[in-house]
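Structural overview
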Amino acid sequence: MATQQASNSCSFPSLTERDREWEFDVFINFRGPETRYGFTGYLHKAFCEKGIRTFMDAENLISGNKILETFDRAIESSRIGIIVFSAHYADTDFLLRELVKLLECSRRKGQFILPIFYYMDPGDVRHQRGSYEKAMAVHEERFKDEVPIWRAALRDAANLCGLHFKGDEFEYEFIERTSKQVLAILKEDTLPVVADYPVRAESQVKSFSNPRQYQHHVFLNFRGCDTRYRFTGSLYKALQDKKIHTFMDDVGLHRGNDISRTLIQAIKGSRIAIIVFSENYADSSYCLDELVKILECHESDGQFVLPVFYDIYHDHVRYHTGSYGKAMAKHEEKFKDDLSKVEKWKQALFQAANFTGFVFEGKQYEHEFIGKIVEVVSREIKRVALPVADYLTGLESQVSVVKSLLFSDGYDGVQVVGIHGNAGSGKTKVAHAIYHLISNGFESICFLENVRENSYKHGLVYLQNMLLSNVFERKNLKATSFEQGISTIKHWLQQKKFLLILDDVDKPEQLQALAGKPDWFGLGTRVIVTTRDKCLLESHGIKRIYEMENSNSESNINASPGKDNREQLGEKSTSGDQVNGSLEPLVSEDISLERSKQASLIQAESNTEVIGCNENQADICHTHFPERIDNGKKEVPNGNKEVDMAEKCFSAQLESLEEKKRELEEEIRAIKAEIAGFQRRDTVAKEKKRSV
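This one's a predicted model, so the numbers in the text were calculated from it and none came from an experiment.

Within the protein, the regular secondary structure consists of 26 helices and 15 strands. When contacts within the protein are restricted to residue pairs at least 6 apart in sequence, long-range pairs at least 24 apart make up 79% of them. Roughly 33,900 Å² of accessible area belongs to the protein as shown, and the carbon and sulfur atoms make up 48% of that amount.

Below, the discussion takes up the state of the cysteines. Note on terminology: disulfide describes a covalent bond linking the sulfur atoms of two cysteines. One pass over the full model with this rule turns up zero disulfides. Cysteine Cys 225 is unpaired, with the sulfur of Cys 287 as its nearest cysteine sulfur at 8.2 Å. Looking at Cys 225, the relative accessible area reads 58%, which means it is exposed.

A cluster of like negative charges, contributed by Glu 279, Asp 283, Asp 311 and Glu 361, occupies part of the molecular surface. Within the fold, Glu 361 resides in the loop between strand E10 (358-360) and helix H16 (366-382). Residue classification places Glu 361 among the exposed residues on the basis of a relative accessible area of 53%.

What follows covers the sheet that holds strand E9 (residues 304-310). Strands sit in the order E7-E6-E8-E9-E10 across an open sheet of five strands; the sheet is parallel. Whereas interior strands pair on both sides, the edge strands pair on one side only; in this sheet they are strand E7 (246-247) and E10. Contacting strand E6 (216-221), strand E8 (270-277) and E9, helix H12 (residues 285-301) crosses the sheet at an angle of about 145 degrees to E6.

Attention now moves to the nonpolar core. Grouped together as the largest cluster of nonpolar side chains are 32 residues, with contacts concentrated most on Ile 275, Phe 277, Tyr 281, Leu 291, Val 317, Tyr 324 and Leu 349. Elements with a contribution of two residues or more to this core: helix H11 (261-268), E8, H12, E9, helix H14 (323-334) and helix H15 (339-353). It is H12 that provides the largest number of residues to this core, a total of seven residues. Each residue touching Phe 277, except ones within four places of it in the same chain, is listed here: Leu 291, Pro 307, Val 308, Phe 309, Tyr 310, Ile 312, Val 317, Tyr 324, Leu 349 and Ala 352. Membership of the second largest hydrophobic core comes to 31 residues, among which are Phe 27, Ile 75, Leu 103 and Ala 153.

Residue placement: Val 359 occurs in strand E10. Taking C-alpha positions, Val 359 is 8.2 Å from Tyr 313, a pair spaced 46 residues apart along the chain.

Next up on the list: unusual backbone geometry. Phi angles above zero are rare outside glycine, and Asp 311 is one such case at about 55 degrees. Structurally, the position occupied by Asp 311 is in the loop between E9 and helix H13 (314-319). Positive phi, normally seen in glycine, also occurs at Asp 504, with a value near 65 degrees. Position of Asp 504 among the secondary structure elements: in strand E13 (residues 498-505). On the basis of relative accessibility, which here comes to 14%, the residue Asp 504 falls in the buried class.

Taken N-terminus to C-terminus, the directions of H11 and H12 make an angle of 35 degrees; their axes are 9 Å apart at the nearest point. Pair H11 / H12 crosses with right-handed handedness. In contact with Leu 263, Ile 264, Ile 267 and Lys 268 of H11, H12 contributes Glu 290, Lys 293, Ile 294 and Cys 297. In terms of residue class, the contact of H11 with H12 is made up of five nonpolar, no polar and three charged.

This brings us to the confidence of the model for the protein. Averaged over all residues, the pLDDT of the protein equals 75, while 72% of them reach at least 70. Within the model, the stretch residues 189-211 combines pLDDT values under 50 with 70 contacts to residues more than four positions away or in other chains. Note that residues 552-639 has pLDDT below 50 and, in this model, 146 contacts with residues that lie over four places away or in other chains.

Our next topic: the pairing of E9. For a regular strand, side-chain orientation follows a simple rule: the groups alternate between the two sheet faces. Within E9, seven of the seven residues are buried, leaving the element largely enclosed by the surrounding structure. Taking every second residue as pointing to the same face, both faces of E9 are buried, with Phe 304, Leu 306, Val 308 and Tyr 310 on one and Val 305, Pro 307 and Phe 309 on the other. Note: E8 against E9, six bridges, orientation parallel. Bridge pairing in E9 places Phe 277 opposite Phe 309.

This brings us to the packing of aromatic side chains. Any pair of aromatic rings gets described here by the distance separating the centres and the angle formed by the planes. With the rule as written, the count across this model stands at 29 aromatic pairs. Between Tyr 119 and Phe 165, the ring centres sit 5.2 Å apart and the planes meet at 90 degrees, which makes this aromatic pair edge-to-face. You can see Tyr 119 sitting in the loop between strand E4 (112-118) and helix H5 (122-126) and its partner Phe 165 sitting in strand E5 (residues 163-165), a full 46 residues away along the chain. Sitting over the face of the ring of Phe 143, Arg 97 holds its NZ or CZ atom 5.1 Å from the ring centroid.

Quick look at the side chain of Thr 525 now. As for its placement among the helices and strands, Thr 525 is situated in the loop between helix H22 (508-514) and strand E14 (526-531). Residue Thr 525 is classed as buried on the basis of its relative accessible area, which comes to 0%. Within polar-contact distance, the side chain of Thr 525 engages the backbone oxygen of Lys 496 at 3.2 Å. In terms of polar contacts, Thr 525 uses its side chain to reach the backbone carbonyl oxygen of Gly 522, at 2.7 Å. Discounting residues that sit within four places of it in the chain, Thr 525 has contacts with Gly 413, Val 414, Gln 415, Lys 496, Lys 497 and Phe 498.

We now examine the side chain of Lys 427. The residue Lys 427 is located in helix H18 (residues 427-438) in this model. The side chain of Lys 427 sits in the buried core without any salt bridge; Asp 504 is the nearest counter-charge, 5.7 Å away.

The rules we used
- Within any chain, residue numbers begin from 1 and follow the written order of that chain's sequence.
- Side-chain atom pairs in this predicted model are given and counted only at pLDDT of 80 or more, local residue features only at pLDDT of at least 70, and totals for whole chains, interfaces and linings cover all residues.
- No hydrogens and no water enter the side-chain calculation; it runs on all heavy atoms of the structure.
- Only DSSP runs of H or I with at least four residues qualify as helices, and only runs of E with at least two residues qualify as strands; both kinds are numbered from the N terminus onward.
- Here, residues are in contact when the closest pair of their heavy atoms is within 4.5 Å.
- Here, Shrake-Rupley sampling with a 1.4 Å probe gives the accessible areas, and only protein chains in the shown set may cover a residue.
- Two cysteine sulfur atoms form a disulfide, by the criterion used here, when they sit within 2.5 Å.
- Each residue is assigned to one of three classes by its accessible area relative to the maximum for its type, calculated with a 1.4 Å probe on protein chains only: buried under 20%, partly exposed between the two thresholds, exposed over 50%.
- Residues qualify for a patch when their relative accessible area is over 30% and they have no salt bridge, like charges being joined within 9 Å and the nonpolar side chains of Val, Leu, Ile, Met, Phe, Trp and Tyr within 5 Å.
- By salt bridge we mean one thing: a side-chain nitrogen of Lys or Arg within 4 Å of a carboxyl oxygen of Asp or Glu.
- Only four residue types enter the charge count: Lys and Arg as positive, Asp and Glu as negative, with His and the chain ends excluded.
- Taken as the charge centre is NZ of Lys, CZ of Arg, CG of Asp or CD of Glu, depending on the residue.
- In this description, strands pair whenever DSSP reports at least two bridges between them.
- Axis angles are defined between N-to-C directions and span 0 to 180 degrees, where every axis is a line fitted to C-alpha atoms and, for a helix, only to the segment in contact.
- Residues grouped as a nonpolar core are buried Ala, Val, Leu, Ile, Met, Phe, Trp, Tyr and Cys residues, joined through side-chain atoms within 4.5 Å.
- For a crossing to be left-handed, the near helix must be turned anticlockwise from the far one by less than a right angle; the clockwise case is right-handed.
- As a working rule, the residues Ala, Val, Leu, Ile, Met, Phe, Trp, Tyr, Cys and Pro are called nonpolar, Asp, Glu, Lys and Arg charged, and the rest polar, with Gly in that last group.
- Per-residue confidence from the predictor is reported as pLDDT, which spans 0 to 100.
- Stacked, tilted and edge-to-face are the three classes assigned to paired rings of Phe, Tyr and Trp, where Trp is represented by its six-membered ring and a pair needs centres within 6.5 Å; plane angles under 30 degrees give stacked, over 60 edge-to-face, the rest tilted.
- Ring-over charges, as used throughout, are those where CZ of Arg or NZ of Lys falls within 6 Å of the ring centre and within 35 degrees of the ring normal.
- Under this definition, polar contacts are N or O atom pairs within 3.5 Å; protein pairs additionally need one hydrogen-donor-capable and one acceptor-capable atom, and for neighbouring residues in sequence, both atoms have to be side-chain atoms.

Set out below in structure tokens:
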């Protein structure tokens with residue numbers, strides 16, 4: 001593979017056949033305080049609008065991975081690295097380390113580096129003049145060994161062909177030009193996108209078949225004298241108000257020199273650990289011992305660690321400076337006979353400070369800051385909230401096949417998979433297992449249970465609002481009509497990589513209300529629909545359908561892992577002679593409905609919306625014949641297979657209608673009883689009047 005050279009040439013390298021796995025198109029390296037909310041924010045927006053998959057770190061980036069590992073992984077997985085050189089770019093040592101990593105990946109993997117000089121003279125970057133010279137002088141005092149490497153990286157990056165914004169053109173035009181340059185580099189790259197960021201590392205995704213049982217959702221690790229009655233107390237209340245079971249130690253809970261058994265059990269029994277670093281946190285040996293235990297649980301059980309830097313600079317925590325340096329010096333004096341203990345605390349502080357988390361600097365309302373933390377915690381808890389015990393025998397193999405349906409065409413695009421089976425066949429449990437297995441790879445997730453029941457009791461708008469409130473808790477989105485619900489769902493979910501599971505669907509209107517078309521959702525979205533009615537799935541254009549093994553269907557699949565997916569699923573092509581019309585099934589004599597009524601029950605449209613796969617993979621239930629069948633005398637195309645399928649469709653539709661009929665009869669009886677009650681009361685009232 002050709003590697004981009006440090007030259008003034010503007011030729012772009014082309015991809016080779018072996019350059020075939022990138023999670024992101026672009027990684028943006030920039031200094032947040034200068035350009036995040038202006039230039040870089042608009043650049044990121046423009047890329048997303050053009051379908052360029054872009055990694056841009058956020059102030060409140062949360063993924064459960066360590067910062068350094070997180071960014072290294074993102075850099076390694078990006079086709080292009082864009083470096084936004086601004087006036088104070090070099091002030092940040094973290095950016096300079098990213099820059100070194102980007103150039104190293106360019107040399108090793110052929111990634112393209114595109115520097116952007118934003119109100120900066122490229123010569124000042126190349127030769128470290130002006131603000132860059134001052135920044136390097138400051139770094140010399142703290143990072144003496146790394147500064148020569150950073151200087152070389154700045155020089156090499158400034159020698160690459162890039163773009164220069166000098167303020168003599170409209171910024172939006174410059175951004176548009178940058179987008180075109182990026183598209184020119186990517187035009188030959190048709191690779192599927194593996195995942196949106198952030199996702200947690202595979203090593204931290206525990207097996208869905210052996211989930212941990214937790215006593216608490218959250219464990220709070222904090223310095224009582226700093227934050228107990230203010231920030232941490234308010235955070236505790238906000239979590240409890242959201243029904244998030246949180247452990248917060250009481251005053252006097254610590255006994256002796258070590259943390260108590262109660263605290264150890266609470267840490268081990270918590271899904272999430274929130275560490276509130278404050279000014280005097282490191283003074284407490286109890287806090288530090290808890291921190292060590294939290295990190296042990298993170299390594300052994302994948303506990304989600306979320307640091308909060310409350311009125312403290314995170315580098316003080318990471319490098320043991322400021323109040324943290326003074327505290328460590330005191331501990332070294334106190335534990336001079338056991339310095340390994342202090343060294344363990346130092347390593348724990350460095351490790352914890354490298355996790356992505358939240359920084360509170362007093363420039364915002366504290367309640368809003370706490371709200372953001374609660375939102376992240378709520379989202380993380382949802383990923384493990386559904387029960388996954390008591391699997392059916394062989395569930396793992398079934399889940400494996402459903403997963404292959406979801407991702408057999410790669411990770412891009414929007415895919416919809418149906419799970420069909422009778423009541424009690426285990427389709428909901430399969431959906432639960434899939435949810436646990438893949439939910440960490442999505443920006444938003446939603447599992448809507450009992451769609452049929454909620455639709456009958458509350459209506460379709462209620463279901464739409466359930467979906468919206470599940471995904472956007474803090475936005476208070478609410479639809480007042482079916483059409484407004486569709487519009488709101490499309491507007492808010494079109495840019496999201498979304499996992500949606502609709503459980504127990506029995507009416508086409510429910511799918512139309514919640515997942516009408518693929519373009520409602522962002523790229524990478526996956527939708528799973530469970531139902532007793534296979535024809536419902538196919539009439540909605542869902543072509544990838546898993547048959548539960550005990551659903552009494554001839555199309556049951558063999559979930560052997562060695563077989564081809566198409567063979568497993570019994571997929572077949574749609575016939576080419578479909579026309580608009582209706583299908584009258586062959587029915588047994590004991591069905592009392594007239595044939596004309598039977599035919600009207602199972603009409604289907606030939607121009608259905610295809611969701612999730614190619615047309616040649618279709619297995620259509622509503623096959624359309626050129627003519628109506630006349631009393632069963634005319635030959636049925638393709639033999640008895642379509643007739644059998646039609647009978648099954650008709651039976652499902654008939655069962656649904658009979659169920660609805662029973663419900664309507666019950667409603668009518670209830671109304672009649674209510675009317676009779678009114679009449680009796682009216683009669684009694686009239687008799688009283690006459691007696692008066």
